[in-house]
Amino acid sequence: PPRGPQPAINVWVTLGGEIVALTQIQKQRIREFVPGFKEYLSSGGRQADLSDRRARCELYAQLLSPEGLARMTELEFGQVISSLWASEIWGDKGYLVDKLIADNGLPRLVDQLRNLLWGSDALATRYDAFREQIRGLGPASTTELLAFVHPDRCGLWNDKVRKALRVLGFGDSLHIIRKTRISGREYEEFNRLLSEIGRELEDSGVPPLDLLGVDYFLFEVWSSAKDATPGPGNGANDFDHEDMVQRLVAIGRWLGFDTEVGSLVATAARVDVIWQARIANLGVVTYVFEVQRRGSADSLILNLQRAQNNPSVQRLVVVANADEIERVRGEIATLPERFRRAVGYMEVKDLVRAGELLEEFAEIIGRLELVQSQFGARGDRRPAQV
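Residues numbered from 1 in each chain as written. Predicted model: local features only at pLDDT ≥ 70, side-chain atom pairs only at ≥ 80, totals over all residues. Heavy atoms only, no water.

(A) Focus on the packing of aromatic side chains. Enumeration over the complete set of coordinates arrives at 13 aromatic pairs. Relative to Tyr-40, the ring of Phe-37 lies with its centre 5.7 Å away and its plane at 25°, an arrangement referred to as stacked. Note that Phe-37 and Tyr-40 are positioned in helix 2 (residues 34-41) at a spacing of 3 residues, about one turn of the helix. Given the relative accessible area of 1%, Phe-37 is considered buried. What makes Tyr-40 buried here is its relative accessible area of 10%. Ring centres of Trp-275 and Phe-289 lie 4.5 Å apart, and the angle between their planes is 50°; on these two criteria the pair is classed as tilted. (Phe/Tyr/Trp six-rings, centres within 6.5 Å; stacked < 30°, edge-to-face > 60°. Helix = DSSP H or I, 4+ residues; strand = E, 2+ residues; numbered from the N terminus. Buried < 20%, exposed > 50% of the residue type's maximum accessible area, 1.4 Å probe, protein only.)

(B) Quick peek at helix 11 (residues 184-203). With 20 residues, helix 11 should reach 28 Å at 1.5 Å per residue; the first-to-last C-alpha distance of 29 Å fits that figure. Positive backbone phi, approximately 95°, marks Gly-205, located one or two places after helix 11. (Expected span 1.5 Å × (residues − 1).)

(C) Molecular detail of the side chain of Gln-292. Mapped onto the elements of the fold, Gln-292 is located in the loop between strand 5 (284-291) and helix 14 (297-307). Within the local environment of Gln-292, its side chain forms a polar contact with the side chain of Glu-324, the two groups lying 3.4 Å apart. Apart from residues no more than four positions distant in its own chain, Gln-292 is found in contact with Phe-239, Ala-297, Leu-300, Val-318, Val-319, Ala-320, Glu-324 and Arg-327. (Polar contact = N/O pair within 3.5 Å; in protein donor to acceptor, adjacent residues only side chain to side chain. Contact = heavy atoms within 4.5 Å.)

(D) Quick peek at the pattern of salt bridges. Per the counting criterion, the structure on display carries 19 salt bridges. Note that Arg-31 and Glu-200 form a salt bridge whose closest N and O atoms lie 3.3 Å from each other. Linking Arg-31 in helix 1 (residues 24-32) with Glu-200 in helix 11, this pair joins segments that are 169 residues apart in sequence. Classification of Arg-31 as partly exposed rests on a relative accessible area of 39%. (Salt bridge = Lys/Arg side-chain N within 4 Å of Asp/Glu carboxyl O.)

(E) Up close: unusual backbone geometry. Phi angles above zero are rare outside glycine, and Ala-268 is one such case at about 65°. Along the polypeptide, Ala-268 turns up in the loop between strand 3 (258-266) and strand 4 (269-278).

(F) The arrangement of the nonpolar core in detail. Ranked by internal contacts, the top residues of the largest apolar core, which has 90 residues, are Leu-64, Phe-77, Leu-165 and Phe-217. Of all the elements, helix 12 (residues 211-225) adds the most residues to this core, at 10 residues. Ignoring sequence-local partners within four residues, the contact set of Phe-77 consists of Met-72, Val-97, Leu-100, Ile-101, Leu-106, Leu-109 and Leu-113. Membership of the second largest hydrophobic core comes to 21 residues, among which are Val-271, Leu-304, Ile-325 and Ala-342. (Core = buried A, V, L, I, M, F, W, Y, C linked by side-chain atoms within 4.5 Å.)

(G) Broad picture of helix 12. Its 15 residues give helix 12 an end-to-end C-alpha distance of 21 Å, which sits within 8% of 21 Å, the value for a rise of 1.5 Å per residue. Of all 15 residues in helix 12, 12 are buried, a share of seventy percent or more. Every buried residue belonging to helix 12 is among Leu-211, Leu-212, Gly-213, Val-214, Asp-215, Tyr-216, Phe-217, Leu-218, Phe-219, Val-221, Trp-222 and Ala-225, and all of these are buried. The secondary structure elements touched by the buried residues of helix 12 are helix 1, helix 2, helix 3 (44-63), helix 9 (139-149), helix 10 (159-170) and helix 11.

(H) Representation of the packing of helix 14 against helix 15 (residues 322-332) in the model. Two elements in contact, helix 14 and helix 15, have axes whose closest approach is 10 Å; the angle formed by their N-to-C orientations is 60°. Taken together, the axes of helix 14 and helix 15 lie oblique to each other. Between helix 14 and helix 15 lies a crossing of right-handed hand. Residues Ala-297, Asp-298, Leu-300 and Ile-301 of helix 14 form the contact with helix 15, whose own contacting residues are Arg-327, Val-328, Glu-331 and Ile-332. Counted by class, the contact of helix 14 with helix 15 contains 5 nonpolar, no polar and 3 charged residues. (Axes fitted to C-alpha atoms, helices over the stretch in contact; angles between N-to-C directions. Parallel < 35°, antiparallel > 145°, perpendicular 65-115°, else oblique. Left-handed = near helix turned anticlockwise from the far one by under 90°. Nonpolar A, V, L, I, M, F, W, Y, C, P; charged D, E, K, R; others polar.)

(I) Layout of the sheet that holds strand 7 (residues 343-347). Ordered in space as 3-4-5-6-7, the 5 strands form an open sheet in which the pairing is mixed. The two strands at the open ends of the sheet, each matched to only one other strand, are strand 3 and strand 7. When the angles between neighbouring strand axes are averaged without regard to direction, this sheet yields 35°. Two elements, strand 3 and strand 4, share 7 bridges in a ladder whose sense is antiparallel. Looking across to strand 4, one finds that Leu-264 is bridged to Arg-270. Of the strands in this sheet, strand 3, strand 4, strand 5 and strand 6 (313-320) touch helix 13 (residues 241-254), which is tilted by about 10° from strand 4. (Pairing = 2+ DSSP bridges.)

Below, the structure is given as structure tokens:
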């Protein structure tokens, strides 16, 4: 810890080069949610969650063990992916599984899963390698796999966790709260922070928890305060591009559109996502989405102008944070009216919120078990963690 006068703390944790103190205010906020969490621990809901956790741990112990990975087929891989909370947003999980296999190949998926879960390198190195090598599985899915295989030292990183940490008073001091994309080093340090939260809970009379158990506490924090926890706004200066692309695909498919990723819609115009629908005898209607995380606004605009050359394209949508949208809107303001009127804008926080609402809907409908997954995964888990 740094020398000199210090606030009243138990431990110091370094995150991304910053020193974050577990302050008395943060500890007090944690304790405020302890009574509600204890009530949850003694409730029937907790028993259902424990039963689900045991079932999933047993499933992953079988499928994701070194022996299970050695004989993994597309069916077993589908069982793993469709069982993730992070996959709950997908109404058609078969599409997601097929897309992952098509984009990566089953041998590479299995090899990278083996390295992620059982490799000899440091966790940070394995995490970064998996994220670099595998398309279509974001931080929420990756950390969930780690958490259920190694719950004693790996936690979940997702939108609800970030919001819960903000509620607990970490918003000003923990810079990764503003990010969906975190590095392996940041993930390791985040796990150490979860351990400190777990120790604080134990000091407050909560039975000892592993890091997956701490996630259940953070979920209760989010659930108790979700009406007062804003989504990422102008301050959310980073997000995961692939995560937003997959949200757009999932939402489009739920709405009944045919969706494609990285589609070439016109000459030299490859876009992030398209939604397509055939309307009676009128032909195909296409909606184009471009996710702008950072980079040249001129390149984005040129790509959209080229995409508009496709006569089926009815709308061009820019998905970005508020400040980036204003920058792009300013650039487009001087361009021809036909193009200006064709461009729409969606803030990342609104896309995230739409995904959350869809998750809630999927969870409600999933309880009815109207459609059984071809992989044998049930839909009665706790709300999704995207």
